[in-house]
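# Remarks on the overall topology
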Amino acid sequence: LASAVGLQRFRFAERQSNGDTAVCRCLARTAAKVLLESEDLIKNGTLQASTDGLLDLLFKAASHPSVYVCGIAVEALSAIAISNSELSTRLLPYLQGKAIIPFHLINDVDGCL
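Let me begin by describing the structure that accompanies this report.

Each value, and the rule that gives it
- Residues numbered from 1 in each chain as written.
- Predicted model: local features only at pLDDT ≥ 70, side-chain atom pairs only at ≥ 80, totals over all residues.
- Heavy atoms only, no water.
- Helix = DSSP H or I, 4+ residues; strand = E, 2+ residues; numbered from the N terminus.
- Buried < 20%, exposed > 50% of the residue type's maximum accessible area, 1.4 Å probe, protein only.
- Contact = heavy atoms within 4.5 Å.
- Areas by Shrake-Rupley, 256 points an atom, 1.4 Å probe, with all protein chains shown as cover.
- Polar contact = N/O pair within 3.5 Å; in protein donor to acceptor, adjacent residues only side chain to side chain.
- Phe/Tyr/Trp six-rings, centres within 6.5 Å; stacked < 30°, edge-to-face > 60°.
- Salt bridge = Lys/Arg side-chain N within 4 Å of Asp/Glu carboxyl O.

A separate point is the overall build of the protein chain. Counting its regular elements, the protein chain contains eight helices and zero strands. Ordering the α and β elements of the protein chain from the N terminus gives α-α-α-α-α-α-α-α. Of all 113 residues assigned to the protein chain, the portion counted as buried reaches 33%. Across the protein chain, the fraction of contacts at a sequence separation of at least 24, relative to all contacts at a separation of at least 6, is 63%. For the protein chain, the accessible area works out to roughly 7100 Å², and carbon and sulfur atoms hold 56% of it.

Following this line, the structure appears as structure tokens:
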């Protein structure tokens with residue numbers, strides 16, 4: 001199942017380029033659910049299928065302009081990243097790219113954040 005859902009990353013990219021947020025949200029939700037349900041198998045190393053496609057789909061979703069699609073992916077990836085330092089390192093730039101800095105802090109007189 002993880003491999004089959006991972007193959008949907010190609011469909012996700014196509015739908016994202018067409019601006020179909022609803023399909024992207026559904027694909028992200030499906031991938032997140034599969035990832036979270038497979039968490040114990042991934043940690044134990046007993047999952048026989050590769051999770052590369054599944055993670056790729058979720059990282060594409062994490063960079064989606066819709067806060068709903070992004071939120072679904074980031075929540076799932078964050079839960080798994082706790083036990084995987086490589087995944088944590090890969091997730092950090094996505095989180096930094098979504099950081100919101102209040103406008104009044106950017107134009108602070110002292111120039112400090």
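Looking now at the side chain of Ser38. By secondary structure assignment, the location of Ser38 is in the loop between helix H3 (21–37) and helix H4 (39–44). Given a relative accessible area of 11%, Ser38 falls into the buried group. Of note is the side chain of Ser38, whose polar atom sits 2.8 Å from the backbone oxygen of Val34.

Applying the stated criterion to the full structure yields one aromatic pair. With centroids separated by 5.0 Å and ring planes inclined at 45°, the aromatic side chains of Phe59 and Tyr94 adopt a geometry described as tilted. Of the two residues, Phe59 sits in helix H5 (residues 52–62) while Tyr94 sits in helix H7 (residues 85–97), which places them 35 residues apart along the sequence. The class of Phe59 is buried, set by a relative accessible area of 1%.

Along the chain, His64 turns up in the loop between H5 and helix H6 (67–81). His64 sits in the buried class, given a relative accessible area of 4%. Of the polar contacts made by the side chain of His64, one reaches the backbone nitrogen of Ser66; its length is 2.9 Å. Setting aside chain neighbours within four positions, we find His64 in contact with Phe12, Gln16, Thr21, Cys24, Val69, Cys70 and Lys98.

For the coordinates displayed, the defined rule picks out three salt bridges. Put simply, Asp20 and Arg15 hold a salt bridge, and the shortest N to O gap is 3.1 Å. Overall, the relative accessible area of 23% leaves Asp20 in the partly exposed class. Here Lys33 and Glu37 are joined by a salt bridge, their closest N and O atoms 3.3 Å apart. Of this pair, Lys33 and Glu37 both sit in helix H3, separated by four residues, roughly a single helical turn. The class for Lys33 is exposed, based on a relative accessible area of 51%. Overall, the relative accessible area of 57% leaves Glu37 in the exposed class.

In short, the description is geometric, and any link to function would need to be established separately.
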